[in-house]
Amino acid sequence: MKLLQRYPLICPVLLALLGGILIAFFTASSYALWFGLGVLVGGIAVPLLTKAPADRETATVTLYVGNLPYRANEAVVRNLFEQFGQVLSVRLMKDRNTGKRRGFGFVEMPESEAGKAKEALNDSEFQQRTLKVREANERKEEENDSSD
């Protein structure tokens, strides 16, 4: 796969050769040459003329959303935050033992839109609860200090 990404013209050349050989094998005409030439030109021209969209790394921010109503689900929270921009993910935390929601979660958004959402929704009323919206802290890795 990396070979094809590094050398994108290998695939059309191999297909043109294979197609030409197959047609020449089954027919005794010059169509094989034209077919191979057409596949070769098309296989080279299409990748050169059409460029894949560049993978732009969008800076994202994860927002902590606290004091959520226990009945709120991911879809409702997503709809709330989508008023301010694209929502990449919503994770509502649940108790491990009971499976019930714990009243807080995390919303991931592009950096430019997260600021607007945070300003608008922090200390706002949502389903009779006052939301707390802050930028989430990085998860701390548990230290495994095992002294022998």
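Calculation criteria
Residues numbered from 1 in each chain as written. Predicted model: local features only at pLDDT ≥ 70, side-chain atom pairs only at ≥ 80, totals over all residues. Heavy atoms only, no water. Salt bridge = Lys/Arg side-chain N within 4 Å of Asp/Glu carboxyl O. Buried < 20%, exposed > 50% of the residue type's maximum accessible area, 1.4 Å probe, protein only. Pairing = 2+ DSSP bridges. Helix = DSSP H or I, 4+ residues; strand = E, 2+ residues; numbered from the N terminus. Axes fitted to C-alpha atoms, helices over the stretch in contact; angles between N-to-C directions. Contact = heavy atoms within 4.5 Å. 1 Å grid on protein atoms, 1.4 Å probe; cavity = no way out; pocket = protein on both sides within 12 Å on 5 of 7 lines; lining within 4 Å. Points joined across faces, edges and corners; volume = space filled by probe spheres on them. Arc of directions from axis to C-beta. Phe/Tyr/Trp six-rings, centres within 6.5 Å; stacked < 30°, edge-to-face > 60°.

A.B. asks: What is the right way to read the pattern of salt bridges from this model?
C.D. replies: Between side chains of opposite charge, a pair can form as their charged atoms come close. Applying the stated rule across the entire model yields 2 salt bridges. With its nearest N and O atoms 2.6 Å apart, the salt bridge here joins aspartate 123 to lysine 132. Exposure remark for aspartate 123: the relative accessible area of 47% places this residue in the partly exposed category. A relative accessible area of 32% places lysine 132 in the partly exposed class.

A.B. asks: Help me understand the sheet that holds strand E6 (residues 132–135), please; the structure alone is not making it clear to me.
C.D. replies: For sheets, the rule is that strands pair by backbone hydrogen bonds, running either parallel or antiparallel. Reading across from one edge, E2-E3-E1-E6 is the order of the 4 strands in this open sheet, with antiparallel pairing throughout. A strand with exactly one partner marks an edge of an open sheet, and here the two such strands are strand E2 (89–94) and E6. Within the sheet, the average angular offset between the axes of one strand and its neighbour, ignoring direction, is 25°. Of the strands in this sheet, strand E1 (60–66), E2, strand E3 (101–110) and E6 are in contact with helix H4 (residues 74–82), which crosses E2 at around 135°. Along the sheet, helix H5 (residues 111–121) makes contact with E1, E3 and E6, crossing E3 at roughly 140°.

A.B. asks: Is there a simple way to think about empty space enclosed by the protein in this case?
C.D. replies: In this approach the atoms are scanned with a rolling probe the size of a water molecule, which exposes any empty space left behind. Inspection of the entire model under this criterion finds 1 cavity of 30 Å³ or more. Taken as a whole, the largest cavity encloses approximately 40 Å³ of empty space. Along its surface, the largest cavity is lined by Leu68, Pro69, Tyr70, Ala72, Leu92, Met93, Arg101, Arg102, Gly103 and Phe104. If you list the elements that add at least two residues to the lining of the largest cavity, you get E2 and E3. With 4 residues, the single largest contributor to the lining of the largest cavity is E3.

A.B. asks: Explanation requested: H5 in the structure shown.
C.D. replies: For an α-helix the count is 3.6 residues per turn, leaving residues at separations of three or four pointing the same way. Within H5, burial applies to Ala114, Ala117 and Leu121. The arc that holds every buried residue of H5, seen down its axis, measures 65°, which confines them to one face. Of the exposed residues in H5, the ones pointing more than 90 degrees away from its buried face are Ser112 and Glu119. Along its buried surface, H5 packs onto E1, H4, E3 and E6. Just beyond H5, the residue with positive phi is aspartate 123, at close to 65°.

A.B. asks: What is the right way to look at unusual backbone geometry in this model?
C.D. replies: Leaving glycine out, the prevailing phi sign among residues is negative, and the prevailing peptide bond configuration is trans. Look at asparagine 67: it is not a glycine, yet its phi comes out positive at around 65°. Accessibility expressed as a relative area gives 29% for asparagine 67, which makes it partly exposed. Here the phi dihedral of glutamine 127 falls at roughly 50°; this positive angle occurs in a residue that is not glycine. Among the structural elements, glutamine 127 can be located in the loop between strand E4 (125–126) and strand E5 (129–130). A residue is classified by how much of its surface remains accessible, and glutamine 127, at 29% relative accessible area, is partly exposed.

A.B. asks: What is the right way to read the packing of aromatic side chains from this model?
C.D. replies: When we look at a pair of aromatic rings, we describe it by the centre distance and by the angle of the planes. Here the structure, examined in full by the defined rule, presents 3 aromatic pairs. Their ring planes at 35° and their centres at 5.9 Å tell us that tyrosine 64 and phenylalanine 104 sit as a pair that is tilted. Placement of the pair is tyrosine 64 in strand E1 and phenylalanine 104 in strand E3, with a sequence separation of 40 residues. Look at tyrosine 64 and you get partly exposed, because its relative accessible area is 29%. Summarising the aromatic geometry, the rings of phenylalanine 104 and phenylalanine 106 are spaced 6.1 Å apart at their centres and angled 85° between planes, so their arrangement reads as edge-to-face. The class for phenylalanine 106 is buried, based on a relative accessible area of 18%. Following the ring pairs from residue to residue traces out a cluster consisting of Tyr64, Phe104 and Phe106.

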